[in-house]
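# Overview (structure and organization)
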Amino acid sequence: MTSSTEPYDLAVIGGGINGCGIARDAAGRGLKVLLCEQSDLASGTSSASTKLIHGGLRYLEHYEFRLVQESLSERERLWALAPHIVWPMRFVLPHNEELRPAWLIRLGLFLYDHIGGRKLLPGSHMVDLTKDVAGDVLRDDFRRGFEYSDCWVEDSRMVVLNAMDAAERGADVRVRTGVTSVSRQDKSWRLTLTNHETGQTETADAKVIVNAAGPWVAQVAQSSIGMNSKSDIRLVKGSHIVVPKIFDHERSYIFQNADKRIIFAIPYQTNFTLIGTTDVEVDDLADGKKISNGEIDYLCDAASEYFKKPIQPADVVWTYAGVRPLYDDGGGDAQQVTRDFVLERHGPSDGPALLNVFGGKLTTYRRLAEDVLEKLDDCFPEAGKPWTDSAALPGGDFPTQGFENLCETYYASYPWAPETLLHRLTRAYGTCVSDILDGASSMDDLGQHFGHDLYEREIEYLKQKEWARTAEDVLWRRSKLGLFLTPDEQTTLTDWMKAKHVEPV
Ligand code: FAD
């Protein structure tokens, strides 16, 4: 076993959105940070979400006004910080009189429009579904509805961009590295890190540990750190199905179900519609990895209550599932448990301190990271002030509403490349597209073609800058090209990745 000599100020366990957000914030304040992710970045819940940066209209019904207000105010902020991977989305809510009265929805949308500091996103209004194109695919009994704004995010890419920025600001980011045990020293923690690729172990010392292991938070606290946390976690699985495109416009639908839940139907990856999600309480994390047949039936039935053409399980081309690590506030049903986060601090400022992170949403990750550092400010009196509310994520340093202009610039700079490829790359990498394409002057310069519009140059970039190690990392987390490559093409990529393993710089 080797040991890292220089102690870290802060060791973060977990490379999901919360761990990466905390590592980035801390590194930017001048702390010496270690981030360990046992698998790939965003391989836990943070790639399995509905991918909305939203206030959560339905949380108003649970009187979570502060959470909604705080989340709403993050919408335009995150859009501004990463306008390549975050963009506005309009939602159509067909009115179903039997489920909620129109006045209640109007009141909810009025609050939604006004409590979150909305500046650029358009407000809500009524929609006549007998005239609006959004009504065309809906059953004829839905004659009117409401429309409002939220934002969409490429969830796993937001995680990686936070990790990249953390690394650029000096954090030591280790993927495929689990924190397998932790022992308390006099003034610090000693962590044992196991590299799951090589099997090698090493130790590292850190003054403070943040346990941001998402659904694993209690497990890590108990079995790795040997500490029973005061708080409980509720593991609530949520699953999604992807079907061939159901409608041709850019708006999404939010459907109310008879069980008081809601589901979304969202335009996805140009050719598809994403439908989700479910709320299924699980005891074991292993049960949260895969959608069940019952959930597929539930989502198809719920969507078919609204769409003219019923959705069948046979239509499903892809599914994914993830586990919400919710703080147990003693709420009843899984869907009623708060989506807010709770930070549990242990240990004094001059000794080894530990902070467990419970709950949270993608939407609030930046605020969560700020709160974590505030809770630890006595441990780090020299640390800088909050800074992340105006610092763009990698590739996001262009105007909030400037995405189409950036695409035009690339169409002009790389006239030899198809516009569909440049558009996809701009969505993924923003102003970092030039890091991939500069120096190339023809499609041949992009190297081996792996299918659809995936070329060797992009994969080399993902390996070197974004810690991609396997075909799954590339196809399902750095991108969603898994939806487009044939099984044979995916096998070719898998073999190529194995043969050309490159350590990230
Ligand atoms: P994770 O992403 O799970 O990260 C924890 C990481 O810790 C994992 O990658 C894991 O591998 C790692 N880890 C565990 N143990 C160790 C160890 N010993 N050593 C090293 N690493 C370890 N939020 C929104 O804002 N908008 C939405 O639309 C939305 N939709 C959702 C839909 C569903 C179905 C679900 C499940 C969640 C949704 N959320 C949404 C919530 C959001 O996705 C989660 O709150 C968030 O992703 C949790 O991030 P995390 O970093 O805490 O956990």
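Scroll up to find the structure.
What counts, and where the lines are drawn
Residues numbered from 1 in each chain as written. Predicted model: local features only at pLDDT ≥ 70, side-chain atom pairs only at ≥ 80, totals over all residues. Heavy atoms only, no water. Helix = DSSP H or I, 4+ residues; strand = E, 2+ residues; numbered from the N terminus. Buried < 20%, exposed > 50% of the residue type's maximum accessible area, 1.4 Å probe, protein only. Contact = heavy atoms within 4.5 Å. Areas by Shrake-Rupley, 256 points an atom, 1.4 Å probe, with all protein chains shown as cover. Pairing = 2+ DSSP bridges. Near = heavy atom within 4 Å. Polar contact = N/O pair within 3.5 Å; in protein donor to acceptor, adjacent residues only side chain to side chain. Salt bridge = Lys/Arg side-chain N within 4 Å of Asp/Glu carboxyl O. Patch = residues over 30% accessible without salt bridge, like charges linked within 9 Å, V, L, I, M, F, W, Y side chains within 5 Å. Core = buried A, V, L, I, M, F, W, Y, C linked by side-chain atoms within 4.5 Å. Phe/Tyr/Trp six-rings, centres within 6.5 Å; stacked < 30°, edge-to-face > 60°. Lys NZ or Arg CZ within 6 Å of the ring centre and 35° of its normal. Expected span 1.5 Å × (residues − 1).

## With respect to the overall build of the protein
- Along the protein, the regular secondary structure elements total 13 helices and 19 strands.
- Going through the 505 residues of the protein one by one, you find that 60% of them count as buried.
- Summarising the internal contacts of the protein: among those between residues at least 6 apart in sequence, 71% fall at separations of at least 24.
- Here the protein displays about 20,400 Å² of accessible surface, and carbon together with sulfur accounts for 49% of that area.

## Regarding the pairing of strand β9 (residues 177–184)
- Relative to strand β10 (residues 189–195), β9 runs antiparallel, the two sharing 7 bridges. For V179, the partnering residue across the bridge sits in β10 and is L193.
- Remark: 4 residues form the turn of the hairpin made by β9 and β10, two consecutive strands paired antiparallel.

## Focus on the site of the ligand
- Not every one of the 38 residues close to the ligand is listed here, only the nearest: E37, S46, L52, G360 and T363.
- Interatomic distance of 2.5 Å between a side-chain N/O atom of S46 and an oxygen atom of the ligand.
- Look at the ligand: alone it shows 1,000 Å² of surface, and the protein chains cover 96% of it.

## Quick look at the pattern of salt bridges
- A complete count under the given rule lists 41 salt bridges for this structure.
- The shortest N-O distance in the salt bridge between D378 and R345 comes to 3.0 Å. Separated by 33 residues along the polypeptide, D378 in the loop between α7 (365–375) and α8 (403–413) and R345 in strand β18 (residues 341–346) bring together distant segments of the chain.
- The exposure class of D378 is partly exposed, given its relative accessible area of 37%.
- The shortest N-O distance in the salt bridge between R366 and E370 comes to 3.0 Å. Residue R366 and its partner E370 are located together in helix α7, separated by 4 residues, close to a single helical turn. Comparing R366 with E370 shows no difference in burial state: the two are buried.

## Here we look at unusual backbone geometry
- Here G276 and T277 are connected by a cis peptide whose omega angle stands at 20°.
- Inspection of the secondary structure puts T277 in the loop between β15 (272–276) and β16 (280–281).
- Even without a glycine there, the phi angle at K260 is positive, about 80°.
- Residue K260 is classed as exposed on the basis of its relative accessible area, which comes to 53%.

## So, the environment of P310
- Relative to the helices and strands, P310 is located in the loop between α6 (293–304) and β17 (318–327).
- Expressed as a C-alpha distance, the spacing of P310 and R139, which sit 171 residues apart in the sequence, is 10.0 Å.
- Sequence-distant contacts of P310, defined by excluding residues within four places in its chain, comprise S304 and D315.

## A word on a nonpolar patch on the surface
- Taken together, the side chains of W103, L104 and L107 make up a nonpolar region of the molecular surface, amounting to roughly 310 Å² of accessible area.
- Examined against the element boundaries, L104 turns out to sit in helix α3 (residues 102–114).
- L104 sits in the partly exposed class, given a relative accessible area of 30%.

## Remarks on the nonpolar core
- In terms of nonpolar packing, the biggest core is built from 117 residues, with I22 and L493 touching the most fellow members.
- At 7 residues, helix α4 (residues 155–168) tops the list of elements feeding residues into this core.
- Beyond its immediate chain neighbours, meaning those up to four positions away, I22 contacts L10, V12, V210, A212, V357, L368, A369, V372 and L373.
- Counting 24 residues, the second largest nonpolar core, distinct from the first, contains V92, I275, Y306 and I311.

## A word on the side chain of S73
- Among the structural elements, S73 can be located in helix α2 (residues 65–81).
- From its side chain, S73 meets the backbone oxygen of E70 in a polar contact 2.8 Å long.
- When neighbours within four sequence positions are excluded, S73 is seen to be in contact with G116 and R367.

## Re helix α12 (residues 471–478)
- In terms of burial, α12 is a largely internal element, 7 of the 8 residues being buried.
- For α12, the full list of buried residues reads A471, D473, V474, L475, W476, R477 and R478.
- Summarising the contacts, the buried residues of α12 are in contact with α4, β17, α11 (456–465) and α13 (487–499).

## Considerations on the packing of aromatic side chains
- Within the structure shown, the criterion is met by 20 aromatic pairs.
- Ring plane angle 75° and centroid distance 5.6 Å describe the contact between F91 and F264, whose orientation is recorded as edge-to-face. Placement of F91 in strand β5 (residues 86–94) and of F264 in strand β14 (residues 262–268) is noted, with a sequence separation of 173 residues between them. Side by side, F91 and F264 carry an identical accessibility label, which is buried.
- Here the aromatic residues F142, F247, Y253, F255, Y306 and F307 are joined through ring pairs into a cluster of three or more.
- Positioned above the aromatic ring of W87, the side-chain terminus of R427 is 3.9 Å from the ring centre.
- The ring centre of F403 lies 3.6 Å from the NZ or CZ of R427, which sits over that ring.

## As for helix α1 (residues 17–28)
- Between the first and last C-alpha of α1 there are 16 Å, a value that for 12 residues agrees with the 16 Å anticipated at 1.5 Å per step.
- Turning to α1, its buried residues number three or more, namely I17, N18, G19, C20, G21, I22, A23, R24, D25, A26 and A27.
- As for α1, its buried residues are in contact with β2 (8–13), β3 (33–36), α4, β11 (201–211), β19 (353–359) and α7.
- After α1 finishes, the residue G30 shows a positive phi value of roughly 95°.

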